[in-house]
Amino acid sequence: MIPPFMFATGIENSYPTIQGGRVRVDEMAKCRHYEKWRTDFDLVEELGLHVLRYGPPLHRTWLGPNRYDWSFADTTFGDLEKRDVTPIVDLCHFGLPDWLGNFQNPDFPILFADYARDFAKRFPWVQLYTPVNEMFITANFSAGLGWWNEQLASDKAFVTALKHVVKANVLAMKAILKLRPDAIFVQSESTEYFHADSPAAIKPAEIANSRRFLSLDLNYGRRVDSEMYEYLMDSGMTREEYHFFLGNSLKQHCIMGNDYYVTNEHRVFADGRVIPAGEVFGYDEITWQYYGRYRLPVMHTETNFAQGPNGDEAVFWLWKQWANVLRVRNDGIPIVGFTWYSLTDQVDWDTALREDNGRVNALGLFDLDRNIRPVGEAYRKIVREWNDVLPTQSVCLRVPVFPPSQTELALRQRWRPGSHGARVEPTAPANAEAGH
């Protein structure tokens, strides 16, 4: 089995459309992963990592109902299997194939469950999944703020996208579990907080702070707050649709992946304006808010920071994030992993992919020539020093995580007499103050 604490990175594979659907922003293409995938996997191993957030490009792989081009996935996942790297498979990352349109399409959830089933059937050794990445951000950027895909900006459009995205995630989990009962699902979701600028801004900030939980509330079958129930009903969700989520909770198979960036906290004004607040509470405090609500094992699934003129800005951010991970762990949250996202620099995230400028953002552990950045050196050092410490003191999962080389063992164990499928549960956390 891989160590209980999962150090990871990811290959950025966003692919939303902009400009009315005419332009596809394919980060794998912009970052040259299609050409350099083998080198990228070499770099993962060079860092001493055994876990990788990774997924095939949906728009290139899924050609229609039950029609696929698996060529790139077969090549890359076959290589990951040979290297014994454990992928957390990202099946949908901010966009849909052209033939499906966008997230307003009510056919998306059922069709996506078929795609997830067929992926799991083709790659039976895969155990860890993020079916839909950042469900809240997907719906909000596409249909709340009007930036991507359908480029709509209304409560009705947002709720429509949200219910389709979360239902797709739930149905995909169900489909995968039929083939791999010990599958574990890591919900990579943006964890946010909205600060009121004045007493008059308290109400809009409270509404925003309730709205941020909607994707995970629905995904985990948790009854939403009364104000959010009225909001969902007023914005087009039916009672039948709402009760689908209450009746299909798969929470026991999940790890709550939470993403935290310096942009995740917001300042709200009385007139409803929202601007970035920077790091105010930080990862520690906001993770406690989400953990208190869902009581699930946690994985820090995304963070990064740009390397600035001094060259150490990203290194300092990594140190702060890692210090926060150790703090929440030592204070009692069962945290099972950490991720710097992504392996290489990204392109055009300075405009949240709204503009196709080709501007390189120095956010990676390596630059786009695949030269290691100072933050890559710093992360490799953390992995090397802490790998031997955390496994003996960390929380455990009742369902073990198996690397590709131990798939046969995992398959035998899942069918043992008395087995009732997968459950992901925290054990009592250690109170060791290692490193403090």
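Per chain, residue numbering runs from 1 following the sequence as it is written. The predicted nature of this model means local features are confined to residues of pLDDT at least 70 and side-chain atom pairs, given and counted, to a pLDDT of 80 or more, with totals for whole chains, interfaces and linings taken over all residues. Computation of side-chain values: all heavy atoms of the structure, hydrogens and water removed.

*Asks:* I'm lost on the nonpolar core in this one. Help?
*Replies:* Note that soluble globular proteins tend to have their nonpolar side chains buried in a common cluster. Take the buried residues of types Ala, Val, Leu, Ile, Met, Phe, Trp, Tyr and Cys, join any two whose side-chain atoms come within 4.5 Å, and each joined set is a nonpolar core. Only protein chains enter the area calculation, which uses a 1.4 Å probe; residues under 20% of their type maximum are buried, those over 50% are exposed, and those in between are partly exposed. With 116 residues, the main nonpolar core has Phe7, Phe112 and Trp322 as its most contacted residues. A run of H or I in DSSP becomes a helix once it reaches four residues, and a run of E becomes a strand once it reaches two; helices and strands are each numbered from the N terminus. Per-element accounting of this core gives the leading share, 14 residues, to helix 7 (residues 155-179). Whether two residues touch is decided by their heavy atoms; if any such pair falls within 4.5 Å, the residues are in contact. With near-sequence residues (within four places) excluded, Trp322 lies in contact with Phe5, Phe7, Phe338, Ile382, Trp386 and Leu390. In this structure, Ile88, Met299, Val336 and Val401 belong to the second largest nonpolar core, which totals 11 residues.

*Asks:* What should I look at first to understand the layout of surface pockets in this one?
*Replies:* A probe as big as a water molecule, rolled over the atoms, marks out the empty space that is left. Cavity means a closed set of points on a 1 Å grid over the protein atoms alone, one where a 1.4 Å probe fits but cannot get out, pocket means an open set with protein on both sides within 12 Å along at least 5 of 7 lines, and lining means a residue has an atom within 4 Å of a point. Grid points are joined across faces, edges and corners, and a volume is the space filled by probe spheres set on the points. A volume near 1,200 Å³ is recorded for the largest pocket. As for the largest pocket, its lining consists of 45 residues, and the residues nearest its centre are Phe141, Trp147, Glu192, Thr263 and His266. Of all the elements in the fold, those that place two or more residues in the lining of the largest pocket are helix 6 (135-144), helix 8 (202-211), helix 10 (226-234), strand 12 (265-268) and strand 13 (274-276). Residue contributions to the lining of the largest pocket peak at five residues, all from helix 6.

*Asks:* Could you clarify how one ought to interpret the sheet that holds strand 1 (residues 6-10) in this entry?
*Replies:* The strands that make up a sheet pair up through hydrogen bonds in the backbone, lying either parallel or antiparallel. Here the rule is simple: two strands pair whenever DSSP picks up at least two bridges between them. The parallel closed barrel is built from eight strands, whose spatial order is 1-4-7-8-9-11-14-15. Looking at each pair of strands side by side, their axes are set apart by 25 degrees on average, direction ignored. Judged from the four bridges that link them, strand 4 (residues 51-54) and strand 7 (residues 86-92) form a sheet pairing that is parallel. Counterpart to Tyr54 in the pairing with strand 7 is Val89. The convention used is that axes are lines fitted to C-alpha atoms, helices contributing only their stretch in contact, and that angles between N-to-C directions extend from 0 to 180 degrees.

*Asks:* Got a minute to help me understand helix 5 (residues 108-122) in this structure?
*Replies:* Count 3.6 residues to each turn of an α-helix, and residues three or four apart come out pointing the same way. Expected span of a helix, by definition, is 1.5 Å for each gap between consecutive residues, and there is one gap fewer than residues. Given a rise of 1.5 Å per residue, 15 residues ought to cover 21 Å, and the 21 Å separating the end C-alpha atoms of helix 5 matches this to within 8%. All of the buried residues in helix 5 are Phe108, Pro109, Leu111, Phe112, Ala113, Tyr115, Ala116, Asp118, Phe119 and Ala120.

*Asks:* Explanation requested: the environment of Gln19 in the structure shown.
*Replies:* Along the chain, Gln19 turns up in the loop between strand 2 (17-18) and strand 3 (23-24). Taking the C-alpha atoms as reference, Gln19 lies 8.5 Å from Asn149; in sequence the two are 130 residues apart.

*Asks:* Sorry if this is basic, but what is going on with the pairing of strand 12 here?
*Replies:* Sheet analysis places strand 10 (residues 193-196) next to strand 12, joined by four bridges and oriented parallel. Each bridged residue has a counterpart across the sheet, and for His195 the counterpart in strand 12 is Arg267. As paired elements, strand 12 and strand 13 share three bridges and run antiparallel to each other. Looking at the pairing, Val268 lines up with Val274 of strand 13. Here strand 12 folds back onto strand 13, and the loop between the two strands holds five residues, one of which, Gly272, carries a positive phi near 95 degrees.

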